[in-house]
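One-letter residues, chain by chain:
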Amino acid sequence: MTGWSRRSDRRSDTWRNWAGNTGSRPLRTVAPSTTSALAEVVRRAAEDGLPVKAVGTGHSFTSVAGTSGVLIRPERLCGVRAIDRAAGTVTAAAGTPLKQLNQVLAGEGLSLTNMGDIMEQTVSGATSTGTHGTGRDSASLAAQIAGLEMVCADGSVLRCTPEENADVFAAARVGLGALGVLSEITFAVEPLFWLHAREQPMAFDEVTSRFEEFAAENEHFEFYWFPHTDVCHTKRNNRAPGPARPLPAVRGWVDDELVANGVFQAACSLGRAVPATVPAIARISGRVVSDRAYTDIPYKVFTSPRRVRFLEMEFALPREAAVAALTDLRAMIDRSDLRIGFPVEVRTAPADDIPLSSASGRESVYLAMHVYRGTPHEAYFTAAERIMTAHGGRPHWGKLHSRDAEYLSAVYPRFAEFTALRDRLDPDRLFRNDYLRRVLGE
């Protein structure tokens, strides 16, 4: 059959995620290039009694995309399919990397409204797990979806918009791969604009005492706190009239490649080998944080290269709980024997209307904890999770956590709405795996 290729017919191809902490050995691996080919893959899996899951580029730290059955690879289901200037939309195949989408849009004088801080993910993987950036008014990638196409468990193709199959549209924007396999996504876009970025070191007490002020005054505000120090790195991004004033090439390479990746990689390796050095390394890292300003097109401001591999846990908290939770986290680290070499990232989001979005129905603040790959993380993440859940936190679906359906049904008011839709669309659980069993129930 045209439009798809079979990568494996035996358990010989092991798929692993970007961080290398999880993977699976599917019975079959396939790479369809069209919606019809994707539908045929799903139908054949159902006939053979095999679970089926689609993967992106593996930037989730959980096993949300793992399967022992049929694994759908994204690389051939790729590319921008349509741009509708009158409607202000772009439609991309589900496996399209965000980097490719942003480059095409910029070439057409268009842009997404908001972005996360990396763009290696596929559009379907990023939206399905609730990937977000930071924003006062603009929300996650999923909240920018204007329409989607999905292959259901029976192999039928369902087109969803706010007007057509509206209940499926509402839920499938952050669907965890539990409702079907996305084949294409339509995003709302706008004319290309300029963002002015101001990055500045600041003391912990100043950032936390002025957090509401910074979040209200800036379109996009975030900061990183370096554990074992009083230092934060603040980032304020706001629209500007232009023209572009990007970082000089040498300065950008030194800051973003040499320091943020090369030197940081060496520091992380030293900290992993000799944990006692971590506090001193953190203090040095805090002192070399750049104070810089520049103006560029959005994706070049929102995103940055991430070459140092790590593990991550992130929780969305009610906005009013953010400073208290961060203060509790700092106190926990200070009184423990933990040595944390990665900064804690803090971002904001407005409330949205997506049932399983971590910002569903409430203004949110995200706290993200990281450790260098290969560093023991269990004690840190367990203690951090205890603090996050005490404040009503909702875990990022693609990042490490231990929450289950009982907990999640209590913090997501529309949880039952999602699971009822899953029962209708996939009663036989074709799209099942162990992760979905834990977070959604049987």
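Values in this document were obtained by computation on a predicted structure and should not be read as measured data.

## Topic: the pairing of strand β12 (residues 181–188)
And then number 1: Most of β12 is tucked away, with seven of its eight residues classed as buried.
And then number 2: Here strand β8 (residues 89–93) runs beside β12; their pairing, made up of five bridges, is antiparallel. Its bridge partner being in β12, Thr-91 is matched across the sheet by Thr-186.
And then number 3: The pairing of strand β10 (residues 145–151) with β12 spans six bridges and is classified as antiparallel. For Val-151, the partnering residue across the bridge sits in β12 and is Val-181.

## A look at the pattern of salt bridges
And then number 1: A complete count under the given rule lists 28 salt bridges for this structure.
And then number 2: For Arg-81, the salt bridge goes to Glu-184, with nearest N and O atoms at 2.7 Å. Of this pair, Arg-81 sits in strand β7 (residues 80–84) while Glu-184 sits in strand β12, and the two are 103 residues apart along the sequence.
And then number 3: Between Asp-291 and Arg-198 there is a salt bridge, with its nearest N and O atoms 3.2 Å apart. Of this pair, Asp-291 sits in the loop between α8 (278–287) and β17 (292–296) while Arg-198 sits in strand β14 (residues 194–203); the two residues are 93 residues apart in sequence, bridging distant segments of the chain.
And then number 4: Each of Asp-117, Glu-312, Glu-314, Glu-345, Arg-347 and Lys-399 takes part in one network of salt bridges that share partners.

## Quick notes on the pairing of strand β11 (residues 157–160)
Two faces, one strand: in a regular strand the side chains alternate between the faces of the sheet.
And then number 1: Here β11 shows a clear split, with Leu-158 and Cys-160 buried on one side and none of Val-157 and Arg-159 buried on the other.
And then number 2: Alignment of β10 against β11, held across four bridges, turns out to be antiparallel. Bridge pairing links Leu-148 to Cys-160 in β11.
And then number 3: Between the end of β10 and the start of β11, which pair antiparallel, lie five residues, with Gly-155 showing a positive phi angle near 85°.

## Concerning the confidence of the model for the chain
And then number 1: In this model, the chain carries a mean pLDDT of 93, and residues with pLDDT of at least 70 account for 93%.
And then number 2: Note on residues 8–12: pLDDT under 50 across the span, and 13 contacts to partners over four residues away in sequence or across chains.

## A short note on the environment of Gly-116
And then number 1: Tracing the sequence through the fold places Gly-116 in the loop between β9 (110–111) and α3 (123–128).
And then number 2: On a C-alpha basis, the gap between Gly-116 and Thr-131 in space is 6.6 Å, while along the polypeptide they are 15 residues apart.
And then number 3: Discounting chain neighbours no more than four positions away, the residues touching Gly-116 are His-132, Gly-133, Phe-302 and Thr-303.

## Structural notes on the packing of aromatic side chains
And then number 1: According to the stated counting rule, one finds eleven aromatic pairs in the structure shown.
And then number 2: On the numbers, 6.4 Å between centres and 80° between planes, the contact of Trp-18 with Phe-61 is edge-to-face. Of the two residues, Trp-18 sits in the loop between β2 (15–16) and β3 (23–24) while Phe-61 sits in the loop between β5 (52–54) and β6 (70–72), which places them 43 residues apart along the sequence. In this pair, the class of Trp-18 matches that of Phe-61, namely buried.
And then number 3: Aromatic side chains Phe-211 and Phe-221 sit 6.2 Å apart centroid to centroid with 55° between the ring planes, which places their arrangement in the tilted category. Linking Phe-211 in helix α6 (residues 211–217) with Phe-221 in strand β15 (residues 220–225), this pair joins segments that are ten residues apart in sequence. Each member of the pair, Phe-211 together with Phe-221, is buried.
And then number 4: Among the aromatic residues, those joined into a ring-pair cluster are Trp-18, Phe-61, Phe-310 and Phe-342.
And then number 5: The lysine or arginine in question, Arg-239, covers the ring of Phe-193, its NZ or CZ lying 3.7 Å from the ring centre.

Cut-offs applied
Residues numbered from 1 in each chain as written. Predicted model: local features only at pLDDT ≥ 70, side-chain atom pairs only at ≥ 80, totals over all residues. Heavy atoms only, no water. Buried < 20%, exposed > 50% of the residue type's maximum accessible area, 1.4 Å probe, protein only. Helix = DSSP H or I, 4+ residues; strand = E, 2+ residues; numbered from the N terminus. Pairing = 2+ DSSP bridges. Salt bridge = Lys/Arg side-chain N within 4 Å of Asp/Glu carboxyl O. pLDDT = per-residue confidence, 0-100. Contact = heavy atoms within 4.5 Å. Phe/Tyr/Trp six-rings, centres within 6.5 Å; stacked < 30°, edge-to-face > 60°. Lys NZ or Arg CZ within 6 Å of the ring centre and 35° of its normal.

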